[in-house]
Amino acid sequence: MNVSSFKQPFDIDLVLRRIREAVGPFPKAAMFELADLGYGAPFEQLIACIISIRTRDEESLPIARRLLDVARTPAAMAQLTADEIDQLITPSTFHERKAAQILAIAQQIVGQHGGELPCDEEVLLSFSGVGVKCAHLALAIACGQPWISVDIHVHRVTNRWGYVEASTPERTMLELEKTLPRAHWIEINRLLVPFGKHICTGTLPRCSSCPVLDMCRQVGVERHR
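### Focus: the packing of aromatic side chains
Here is step 1: The final tally for this structure, using the stated rule, is two aromatic pairs.
Here is step 2: Here phenylalanine 10 and tryptophan 161 contribute two aromatic rings whose centre-to-centre distance is 5.4 Å and whose plane-to-plane angle is 45°, an arrangement assigned as tilted. Of this pair, phenylalanine 10 sits in the segment before α1 (12–22) while tryptophan 161 sits in helix α10 (residues 152–161), and the two are 151 residues apart along the sequence.
Here is step 3: Exposure remark for phenylalanine 10: the relative accessible area of 25% places this residue in the partly exposed category.
Here is step 4: Ring centres 5.2 Å apart and planes at 35° place the aromatic pair phenylalanine 10 and tyrosine 163 in the tilted group. Of the two residues, phenylalanine 10 sits in the segment before α1 while tyrosine 163 sits in the loop between α10 and α11 (169–179), which places them 153 residues apart along the sequence.
Here is step 5: Members of the aromatic cluster, joined through ring pairs, are Phe10, Trp161 and Tyr163.
Here is step 6: We note arginine 182 situated over the ring of tryptophan 185; from NZ or CZ to the ring centre the distance is 4.7 Å.

Okay, here's the thing in structure tokens:
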């Protein structure tokens, strides 16, 4: 029997309102937490996002703070060596490659942009090691620009809801840009990272305690808690 026949119509405003309340007790998504701690400049957000790639939030947040407490501006970062940066971010996955990329980005900002990272998608995407997810996240959090950043949690949850149907995070972003009201573009990542980590998990999602079960189509869910 089709599970959708038992579901309420999907109301994204109501869904996100319920999720805001549900994720309250959980740790915030790392980039948003970093901004709340005072590291909200475009450069700081971009560097922290690079560090977070393939690294758990629980690890990437203190690693980013350790590096940024030594060098919070492109000019200060450009004064370090790749080895010095590497030592500060070593617990991060692919730390040697990231250290070289971070140094190159800092030097490029100093040399080409007067030491200030502009809130410009094209500029951010021109840097080696910076993809759409990190560029959009930095622009959204630091610059307040309406961009959608899709990580594995946003991808999994929105497809599981049946809100979009896409095979990759990149395609999910394109589908969300067509469907999601712009008022939610920044917030979708902030909410769905903790929601995807603690409730709508990759395996055995906690459907019995999900605040939006009545609207979720549970696409691909075969077993749950």
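### Comments concerning the layout of surface pockets
Here is step 1: Size it by volume and the largest pocket reaches roughly 690 Å³.
Here is step 2: Around the largest pocket sit 26 residues that line it, and Ile53, Lys133, Val150, Asp151 and Ile152 are the ones nearest its centre.
Here is step 3: When residues of the lining of the largest pocket are traced back to their parent elements, those giving at least two are α2 (30–36), α3 (42–52), α9 (132–143), α10, α11 and α12 (187–198).
Here is step 4: Among the elements that take part in the lining of the largest pocket, α9 stands out by supplying four residues, more than any other.

### Concerning the pattern of salt bridges
Here is step 1: Applying the stated criterion across every chain yields a total of eight salt bridges.
Here is step 2: Here arginine 190 ties to glutamate 187 by a salt bridge, and the two come within 3.0 Å at their closest N and O atoms. Of this pair, arginine 190 and glutamate 187 are both found in helix α12, three residues apart, which corresponds to roughly one turn of the helix.
Here is step 3: The exposure class assigned to arginine 190 is partly exposed, which follows from its relative accessible area of 34%.

### With respect to the environment of alanine 104
Here is step 1: Relative to the elements of secondary structure, alanine 104 occurs in helix α7 (residues 95–113).
Here is step 2: For alanine 104, a relative accessible area of 38% gives the class partly exposed.
Here is step 3: A C-alpha to C-alpha distance of 9.9 Å links alanine 104 and proline 74, two positions 30 residues apart in sequence.

### Some thoughts on the state of the cysteines
Note on terminology: disulfide describes a covalent bond linking the sulfur atoms of two cysteines.
Here is step 1: If you walk through the whole model with that rule in mind, you get two disulfides.
Here is step 2: Sulfur-sulfur distance for the disulfide between cysteine 49 and cysteine 134 comes to 2.2 Å. Between cysteine 49 and cysteine 134, the S-S dihedral sits near -85°, and the bridge is therefore left-handed. Highlighted residues: cysteine 49 in helix α3 and cysteine 134 in helix α9, separated in sequence by 85 residues.
Here is step 3: The buried category is assigned to cysteine 49, whose relative accessible area is 0%.
Here is step 4: One disulfide bridge connects cysteine 119 with cysteine 143, the sulfur atoms lying 2.0 Å from each other. Around the S-S axis, the bridge from cysteine 119 to cysteine 143 shows a dihedral of about -80° and counts as left-handed.

Conventions used here
Residues numbered from 1 in each chain as written. Predicted model: local features only at pLDDT ≥ 70, side-chain atom pairs only at ≥ 80, totals over all residues. Heavy atoms only, no water. Phe/Tyr/Trp six-rings, centres within 6.5 Å; stacked < 30°, edge-to-face > 60°. Helix = DSSP H or I, 4+ residues; strand = E, 2+ residues; numbered from the N terminus. Buried < 20%, exposed > 50% of the residue type's maximum accessible area, 1.4 Å probe, protein only. Lys NZ or Arg CZ within 6 Å of the ring centre and 35° of its normal. 1 Å grid on protein atoms, 1.4 Å probe; cavity = no way out; pocket = protein on both sides within 12 Å on 5 of 7 lines; lining within 4 Å. Points joined across faces, edges and corners; volume = space filled by probe spheres on them. Salt bridge = Lys/Arg side-chain N within 4 Å of Asp/Glu carboxyl O. Disulfide = S-S within 2.5 Å.

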